Amino acid sequence: GRYQSETGSTSCEPAANGTYASATGQASASPCPAGTYSGASAATSCSDCAAGKWSAEEASECESCLAGTFSVAGSSSCTSCEQGTYAEDDEAESCTKCSAGYYQPRNGSTACKPAGNGTYASATGQASASPCPAGTYSGVSASTSCSDCAAGTWSTEGAKACETCLGGTYSV
């Protein structure tokens, strides 16, 4: 935890915060590598940043990852959440998949969007909602599936409701 860079000295200097001296007889302290930190002087080693945090080289403390990003322990940066996932809070250790009925088309998001009327998201972790096929509909948001149109009604793709067949026509 101590070093001395000058000859003829009578004492050693403590390694400063963000640096360490791991062996005896060192002429200089070494900077803590990125992803680690040393918050005390005279350190003999550096500690890994906790998951959800990161650091650059020679850090005396780790920085928090912001919402929409995450990190694993010992990270030198935060990673944006991928499409279909989100991190709502700062210091996330991982991203959460969007629930069925929800989607997220962007990276680095803090929430998922509900599938709109006429669309659905049937699985978790979806980057987009799908339009209801012709002959089906979805009249509510956050749908995980579309409902079939009843006999005597019909719909086009992406319908929010089914339409009644006109006189002289029918649907089965």
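Here is a short report on the structure shown in this document.

Parameters and conventions
- Residue numbers run consecutively from 1 along every chain, following the written order of its sequence.
- A pLDDT threshold of at least 70 governs which residues receive local features in this predicted model, and a stricter bar of 80 or more applies before side-chain atom pairs are shown or counted, although totals over entire chains, interfaces and linings include all residues.
- The basis for the side-chain values is all heavy atoms of the structure; hydrogens and waters are excluded.
- The way it works is that DSSP assigns letters per residue, a run of H or I at least four long becomes a helix, a run of E at least two long becomes a strand, and they are numbered from the N terminus.
- Only a pair of cysteine sulfur atoms within 2.5 Å counts as a disulfide in this structure description.
- Partly exposed residues are those whose accessible area sits between 20% and 50% of the maximum for their type, while under 20% is buried and over 50% is exposed, using a 1.4 Å probe and protein chains only.
- Here a polar contact is recorded for every N or O atom pair within 3.5 Å, except that within protein the pair must consist of a potential hydrogen donor and a potential acceptor, and residues adjacent in sequence are included only if both atoms are side-chain atoms.
- A contact between two residues is defined here by any heavy atoms of the two lying within 4.5 Å.

1. What to know about the environment of Tyr137
For Tyr137, the location among the structural elements is in strand β17 (residues 136–137). The spatial distance from the C-alpha of Tyr137 to the C-alpha of Lys53 is 45 Å, given a sequence separation of 84 residues.

2. Quick look at the state of the cysteines
As enumerated under the stated definition, the model contains 7 disulfides in all. With its sulfur 2.0 Å from that of its partner, Cys32 forms a disulfide with Cys46. Handedness here is read from the sign of the S-S torsion; for Cys32 and Cys46, about -80°, the answer is left-handed. Taken together, the residues Cys32 in the loop between β4 (30–31) and β5 (36–37) and Cys46 in the loop between β5 and β6 (47–48) connect sequence positions 14 residues apart. Residue Cys32 is classed as buried on the basis of its relative accessible area of 0%. Covalently, Cys65 is tied to Cys78 through a disulfide, its sulfur atoms 2.1 Å apart. As the torsion about the S-S bond is roughly -90°, the Cys65-Cys78 disulfide counts as left-handed. Residue Cys65 is located in the loop between β8 (63–64) and β9 (69–70), and its partner Cys78 is located in the loop between β9 and β10 (79–80); the two are separated by 13 residues in the primary sequence. With relative accessibility at 0%, the residue Cys65 sits in the buried group. Cys12 forms no disulfide, and the closest cysteine sulfur to it belongs to Cys46, at a distance of 18 Å. Residue Cys12 is classed as partly exposed on the basis of its relative accessible area, which comes to 42%.

3. Thoughts on the side chain of Thr136
Tracing the sequence through the fold places Thr136 in strand β17. With relative accessibility at 10%, the residue Thr136 sits in the buried group. A distance of 2.6 Å separates a polar side-chain atom of Thr136 from the backbone oxygen of Pro133. What Thr136 contacts, discounting residues up to four positions off in sequence, is Cys146, Ser147, Asp148, Cys149, Ser155, Thr156 and Ala159.

4. A closer look at the environment of Ala67
Here Ala67 is to be found in the loop between β8 and β9. Accessibility expressed as a relative area gives 27% for Ala67, which makes it partly exposed. When the C-alpha atoms of Ala67 and Ala129 are compared, they prove to be 23 Å apart, with 62 residues separating the residues in sequence. Every residue in contact with Ala67, bar those within four places of it in the chain, is listed here: Ala87, Glu88, Asp89, Asp90 and Thr110.

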